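# Report on the structure
If you want the building blocks of each chain, they are given just below.
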Amino acid sequence: MKDLDGVLQPKKYYIGFVLLLIVFGLWFRLYEVSDLSFWKGIVISLSVSLLLYNFRFYLLWKHSKEGFLIQFGTTVLSFFIHLAVLVLFIWRGEREGFVIGFFIAHFANLLILVFAR
C-alpha cells in the first residue's frame with residue numbers, strides 16, 4: 001500500500017513514543033530535578049496520551065471509512081480528557097512542577113504526531 005501524506009501512521013507513532021520515553025528516561029537518570037511532581041506530570045500525561053491514541057488507532061482500524069470524523073472526535077475527546085486530568089490533579093493539590101511536566105510531555109507527544117504523519 002502506498003504511503004499517503006497526512007495519514008497518521010501507528011507504527012511511526014509508536015517508534016516516536018518509545019524514543020520519547022528513552023529521552024525522558026535519560027533525562028531522569030542524568031539530570032536531577034528536585035520536584036517529583038514534575039515527573040508525575042510527565043508520566044501521567046504520557047500514559048493518558050498513549051491510552052487515547054491506542055483507542056484512536058483501534059477505532060480507525062475498525063471503522064476506516066469514517067476516518068475524518070473519528071480523528072476529529074477523538075481529538076476533541078483527547079482535549080477534554082487531558083483538561084479533566086489536569087484540573088483534577090491541580091484540585092488535589094499538585095503544584096506548578098506537575099503542570100510544567102504535564103505540558104512538556106503533552107507537547108512532546110504532539111511533536112511525535114507531527115512526525116508520524
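Above this text is the structure in question.
Source: prediction; values computed, not measured. (Residues numbered from 1 in each chain as written. Predicted model: local features only at pLDDT ≥ 70, side-chain atom pairs only at ≥ 80, totals over all residues. Heavy atoms only, no water.)

So, about the nonpolar core. Considering soluble globular proteins, one finds that nonpolar side chains tend to be buried as a cluster. Within the largest apolar cluster, 15 residues are counted, with the highest numbers of intra-cluster contacts made by Y13, L20, F24, I42 and L46. When residues of this core are traced back to their parent elements, those giving at least two are α1 (10–30), α2 (36–62) and α4 (96–115). Considering each element in turn, this core owes the most residues, 6 residues, to α2. If sequence neighbours within four positions are ignored, L20 has contacts with L46, A108, N109 and I112. The next biggest cluster of nonpolar side chains, apart from the first, holds 8 residues, and it includes I44, V85, F89 and F102. (Core = buried A, V, L, I, M, F, W, Y, C linked by side-chain atoms within 4.5 Å. Buried < 20%, exposed > 50% of the residue type's maximum accessible area, 1.4 Å probe, protein only. Helix = DSSP H or I, 4+ residues; strand = E, 2+ residues; numbered from the N terminus. Contact = heavy atoms within 4.5 Å.)

With that settled, consider the side chain of T74. Mapping T74 onto the fold places it in helix α3 (residues 67–91). Since its relative accessible area comes to 7%, T74 is described here as buried. Not counting chain neighbours up to four residues away, the residues in contact with T74 comprise F55, R56 and L59.

Here we come to the packing of α2 against α3. Across the interface, α2 lies against α3 with an axial gap of 10 Å and an inter-helix angle of 160 degrees. Between α2 and α3, the crossing angle belongs to the class labelled roughly antiparallel. The element α2 and its partner α3 pack so that their crossing is right-handed. The segment α2 lies against α3, with K40, I44, S45, V48, S49, L52, F55, R56, L59 and L60 engaging G67, I70, Q71, T74, T75, L77, S78, I81, H82, V85 and F89. Split by residue class, the contact of α2 with α3 holds 11 nonpolar, 8 polar and 2 charged. (Axes fitted to C-alpha atoms, helices over the stretch in contact; angles between N-to-C directions. Parallel < 35°, antiparallel > 145°, perpendicular 65-115°, else oblique. Left-handed = near helix turned anticlockwise from the far one by under 90°. Nonpolar A, V, L, I, M, F, W, Y, C, P; charged D, E, K, R; others polar.)

With that settled, consider the environment of Y14. In this structure, Y14 sits in helix α1. Sequence separation between Y14 and V76 is 62 residues; the distance between their C-alpha atoms is 21 Å. If we skip the residues at most four places from it in the chain, Y14 touches L50, N54 and F57.

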